[in-house]
Amino acid sequence: MEMKLSNCLPSQKWCGGGAPFVRQVNVRFYPPPSQRLLPLPASGKMRHRNFSLQNKRQQTKKINIERPDADLQSSDAVDSNTKNMSKQNLSSSNQEISIKENVDTLTEAESSEEISYLSVDSNEEGQPSSVHLQDLIGMIRNAEKNIHLLNEARIRALEDLQIGEKEDLHGEINILEMKLAETEARLRVAAQEKIHVELLEDQLEKLKNELSSSRSSEENVLHVNNSVPLSDNDSVKSLSEELDSLRKENILLKEDLQALKSELTNVKETDERILMLEKERSVLESSLSELGSKLAASQEDVSELSALKYECKNLYEKVEHLQTLLAKATKQADQAISVLQQNQELREKVDRLEESLEEASIYKLSSEKLQQYNELMQQKMKLLDERLQRSDEEIQSYVQLYQDSVKEFQDTLDNLKEETKNKALDEPVNDMPWEFWSQLLLMIDGWSMEKKITKDDAKLLRELVWKKDGRICDAYMSCKEKNEREIIATFLKFTSSSTRPGLHIIHIAAEMAPVAKVGGLGDVVTGLGKALQKKGHLVEIVLPKYDCMQYESIKDMKALDVVVESYFDGRLYKNKIWTGTVEGLPVYFIEPQHPGKFFGRGQLYGEHDDFKRFSFFSRVALELLLHAEKKPDIIHCHDWQTAFVAPLYWDLYVPKGLDSARICFTCHNFEYQGTAPASELTSCGLDAYHLNRPDRMQDNSANDRINSVKGAIVFSNIVTTVSPTYAQEVRTAQGGKGLHATINSHSKKFVGILNGIDTDAWNPASDNFLKVQYSASDREGKLENKEALRRLLGLSSSEIRRPLVGCITRLVPQKGVHLIRHAIYRTLELGGQFVLLGSSPVPHIQREFEDIRNHFQNHEHARLVLKYDEALSHLIYAASDMLIIPSIFEPCGLTQMIAMRYGSIPIARKTGGLNDSVFDVDDDTIPDQFRNGFTFVTADEQGFNNALERAFNYYMNKAETWKELVQKDMSIDFSWDSSASQYEELYNRAVLRARTASRS
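Bear in mind that the values here come from a model prediction, so they are computed numbers and not experimental data.

Cut-offs used in this document
- Residues numbered from 1 in each chain as written.
- Predicted model: local features only at pLDDT ≥ 70, side-chain atom pairs only at ≥ 80, totals over all residues.
- Heavy atoms only, no water.
- Helix = DSSP H or I, 4+ residues; strand = E, 2+ residues; numbered from the N terminus.
- Buried < 20%, exposed > 50% of the residue type's maximum accessible area, 1.4 Å probe, protein only.
- Contact = heavy atoms within 4.5 Å.
- Areas by Shrake-Rupley, 256 points an atom, 1.4 Å probe, with all protein chains shown as cover.
- Pairing = 2+ DSSP bridges.
- Axes fitted to C-alpha atoms, helices over the stretch in contact; angles between N-to-C directions.
- Polar contact = N/O pair within 3.5 Å; in protein donor to acceptor, adjacent residues only side chain to side chain.
- pLDDT = per-residue confidence, 0-100.
- Phe/Tyr/Trp six-rings, centres within 6.5 Å; stacked < 30°, edge-to-face > 60°.
- Lys NZ or Arg CZ within 6 Å of the ring centre and 35° of its normal.
- Salt bridge = Lys/Arg side-chain N within 4 Å of Asp/Glu carboxyl O.

Visitor: Explain the overall build of the protein here, please?
Guide: Within the protein, the secondary structure is distributed over 28 helices and 20 strands. Looking at the protein as a whole, 45% of its 1000 residues qualify as buried. Contacts in the protein between residues at least 24 apart in sequence constitute 76% of all its contacts with a sequence separation of at least 6. With the model as given, the accessible surface of the protein reaches about 53,400 Å², and the carbon-plus-sulfur share is 52%.

Pasting the structure below:
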């Protein structure tokens, strides 16, 4: 758009004082430059605005001077509008989103307005030109109208709002959003004012130049908007004042802009905090619901417990009442007895008095009667003489009979002595150690396998040894210095029929303490075997011959001159058989002649081909029993390593004649199940196609894999695990590790029996690893062992009463390594000492504890020994005041039993066998005589801290109670006797069922 305007510059006097100089100018309005004010996005962030002042100056030559009063009015309007807008925003915080949309719309309209820049052309004579102010004033008025429209739009938007009640947190958010909107408006006004100030500064500079060149001219005052006169000096002065005010306002706006930016940052932080609070609120709500359910359950339990307590109280009262009545009745009975005795005495006295009275009455008779009485007495005396004579004759006959009887008695006595002597030869000899009988048994089996005696003779001799026959003992002792042929000849003299005294039990296992031990399995095989042996059963063990065994613990070890062949991978392999005794038990060691050197790897487990190694061993073990023609009653296999025995026995060896036994399988830890591709099962001769079925050996989580533990559960007659609580836990999805469905389907033959400990090997009264032996009745040696351990490990001994906390374990996740790590630091915080003995097969756990060990290397109250040391473990048990077992799950656990045997109080989590053997001292629901330690339920630091701190409190502040607790724990019987009796009962029932089935 082009238009022509007539305009006059302020009048100035020329040197000559002539008429005013007037010129005609052409004014053009140009569209605005490309740089525009952009609306703020809804998120509250401002886009960067790029105002190029240099380009604007190149496009503009002359710009009209705006009146000061217009600027002041505009500024006041902006301020008032800003205040109104702030108030409106505060009242409409709940509907800020719609207001932002209106603001963006109006901003778009405002940015689309044409802000024209004036270009003034000089006339031909090059004289100074004047600038028209009307268009600049119009621009400001348009801006005021836009602001007014913006406020009106906001007011209209506010009228449509329905303000609802919000929570305090949402109110705070809305207030911050209002401040954000207010910031957007101020930023837009500040940007416009900034452009306006820059333009005015440019105008002022150019006007100064024009005024300096036009001082000689004198003109009248310009008429702007109906000819309003203004002097040059007043215009310049007012313009300067306006510029100063605008600069100040610009500075204030910049400060406000910075403040608003900081508020915007706070808004963002508040948003993030709100999100976090929302998440925490949801977590707290879920936790609250769980706690509510637990509280409801606990309230039910409390109500039941209160009812039981009330009933118990009534029963106690009744018992006390009955005891009182019994005491009274007893007292009355005693009194009645004494009265009866007195009555009896009185009756006797009365009888005697009556007799005396009768005699007195007789004496009072007449003399005639006395005479008659005397005559009668004489007659009686005569009769007595006759009887005396006859009695002498009878006595003579009795003497003769007596002499005959004495002779007969002597003959009988001689006969009895002879019978007793013969019987003594048949009775068991109990003064010989078990190693002696095991050695005889292995010697006889060796003769049989080497074909030096017949199988029938071997069977009869084995039964004599089994019964501990004194004759065979005496025969061996008399000819043990002779050669083998003479010994065999002597033994064959006793091959007569005998009666079997007990069961024949063979354990096939991968471990046996102390010769080959990794975990509790080795202790169970030895401890249970010895306990069953003491009950009169024949117990034998079959083990792999590892190259890393403790051979010094094997007595009389020798290789048999026999080779047993077994099938594997499509061919036959030879196996060398060794015998020896371990802890008095006869043991067969199998050494495969296989190129893979299955048991010559320097370790028991952890090889890539463990599945092949132990499936091979399981088949060779059964082949050995078949070759030796043994007829065991029970074959007991343990864990996945020998779980193959069950399907191998029924599928392959029963048809071959090894059919006398029932199979017992014990799983010591369902974490390890021995899974592999189904094709690998064919290596040991089993039919993978036949067994890879859901009801047999197919793994429950993969159709193409087999599970050896599942196979043992399916094919065994008896299935056990190592504690009653663990037997319940493995019936669940979490505890059964995928086998819970199989266990539940075979629940009739599944039972949990708590393990025991070998009280001969773990006995502080005879333990050679200890500095000083001690017992429950004499515990002074425990303190000396504590000092010995401190000296050995370099710990401080300055405070004798400082509690020592021990931990002996494998460092695997199952054992709660995070709680063991926490226990080290917490024990030191409580003022105790900590000793850890153990190592980890998991590399990152081993490295972590190595770092902790290095950190405490020179610490006076903490020491970590990251290896297994049998001797040191005995000393730690004896020296520790407390021993921690914070297991995540624990099938049985022997550590807590050994600790109590040595007077170290256990701090254990209630799971598996720990729940069956450790009972909290503060649990009122447990009888006092069974409370023996400190327990916690949740596997977290808070639960562990509670148990540890209570133990420290008892130790430090209740010394007498602590001593009584130590004595009680050391007196508890954790031997294998009770557990062995339970196994014995299971064995007998299985054998009885088998014999009954065979008869039918």
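Visitor: Where do I start with the sheet that holds strand S20 (residues 934-936) in this structure?
Guide: Either a parallel or an antiparallel arrangement is found when strands of a sheet pair, and the pairing is made through backbone hydrogen bonds. Across the sheet, six strands lie side by side as S17-S16-S15-S18-S19-S20; this open sheet has parallel pairing. Single-partner strands in this sheet number two, and they are strand S17 (862-865) and S20. Each adjacent strand pair in this sheet contributes to an overall mean axis angle of 15°, direction not counted. Note that strand S15 (residues 804-808) and strand S18 (residues 882-885) share two bridges and pair parallel. From the neighbouring strand, Gly806 faces S18, where its bridge partner is Leu883. Against the sheet, helix H20 (residues 780-793) touches S15, strand S16 (833-837) and S17, its axis set at about 75° to S16.

Visitor: Please explain the side chain of Glu890 as it appears in this structure.
Guide: If you trace the backbone, Glu890 turns up in the loop between S18 and helix H24 (895-901). Given the relative accessible area of 6%, Glu890 is considered buried. Only 2.9 Å separates the side chain of Glu890 from the side chain of Lys815, close enough to count as a polar contact. Apart from residues no more than four positions distant in its own chain, Glu890 is found in contact with Gln814, Lys815, Thr911, Gly912, Gly913 and Leu914.

Visitor: Any chance you could explain the sheet that holds strand S7 (residues 571-582) here in plain terms?
Guide: If you walk across this open sheet you meet the nine strands as S6-S7-S8-S5-S4-S9-S10-S13-S14, and the pairing is mixed. Across the chains shown, the open sheet's two edge strands, defined by having one partner strand only, are strand S6 (555-568) and strand S14 (750-752). For this sheet the average axis-to-axis angle between neighbouring strands, irrespective of direction, equals 25°.

Visitor: Would you mind showing me how to read the confidence of the model for the protein here?
Guide: Any segment with low pLDDT has predicted coordinates that should not be analysed in fine detail. Of the residues in the protein, 74% have a pLDDT of 70 or more, and the chain-wide mean is 78. Segment residues 162-166: pLDDT under 50, and six contacts once partners within four positions in sequence are set aside and those in other chains are kept.

Visitor: Would you mind going over the packing of aromatic side chains with me for this structure?
Guide: A ring pair, where both rings are aromatic, is described by two values, the distance of the centres and the angle of the planes. This structure, assessed with the given rule, holds 22 aromatic pairs. Arranged with centres 5.5 Å apart and planes meeting at 85°, the rings of Trp762 and Tyr877 form a pair that is edge-to-face. Linking Trp762 in the loop between S14 and H20 with Tyr877 in helix H23 (residues 870-879), this pair joins segments that are 115 residues apart in sequence. What makes Tyr877 buried here is its relative accessible area of 4%. Ring geometry for Tyr877 and Tyr902: centres 6.2 Å apart, planes at 35°, overall tilted. Remark: Tyr902 occurs in the loop between H24 and strand S19 (905-909) and Tyr877 occurs in helix H23; sequence separation between them is 25 residues. Site record: aromatic cluster; members linked through ring pairs are Tyr546, Phe599, Tyr605, Phe611, Phe614, Phe617, Trp640 and Phe644. We note Lys545 situated over the ring of Trp578; from NZ or CZ to the ring centre the distance is 4.9 Å. Here the basic side chain of Lys958 rests over the ring of Tyr954, its NZ or CZ set 4.3 Å away from the ring centre.

Visitor: Sorry if this is basic, but what is going on with the environment of His818 here?
Guide: Mapped onto the elements of the fold, His818 is located in helix H21 (residues 817-829). Beyond its immediate chain neighbours, meaning those up to four positions away, His818 contacts Ile888 and Ala939. In terms of polar contacts, His818 uses its side chain to reach the backbone carbonyl oxygen of Ala939, at 3.3 Å.

Visitor: Help me understand the pattern of salt bridges, please; the structure alone is not making it clear to me.
Guide: A side chain of one charge can pair with a side chain of the opposite charge when the charged atoms of the two come close. Summed over the entire model, instances satisfying the criterion amount to 25 salt bridges. One salt bridge connects Lys786 with Asp881, and the closest N-O pair in it is separated by 2.6 Å. Placement of Lys786 in helix H20 and of Asp881 in the loop between H23 and S18 is noted, with a sequence separation of 95 residues between them. Judged by relative accessible area, which is 2%, Lys786 ranks as buried. Judged by relative accessible area, which is 10%, Asp881 ranks as buried. Here Glu829 makes a salt bridge to Arg826, at a shortest N to O gap of 2.8 Å. Of this pair, Glu829 and Arg826 both sit in helix H21, three residues apart, which is roughly one turn of the helix. Where salt bridges share partners, they join Lys530, Lys534, Glu583, Asp758 and Asp760 into one cluster.

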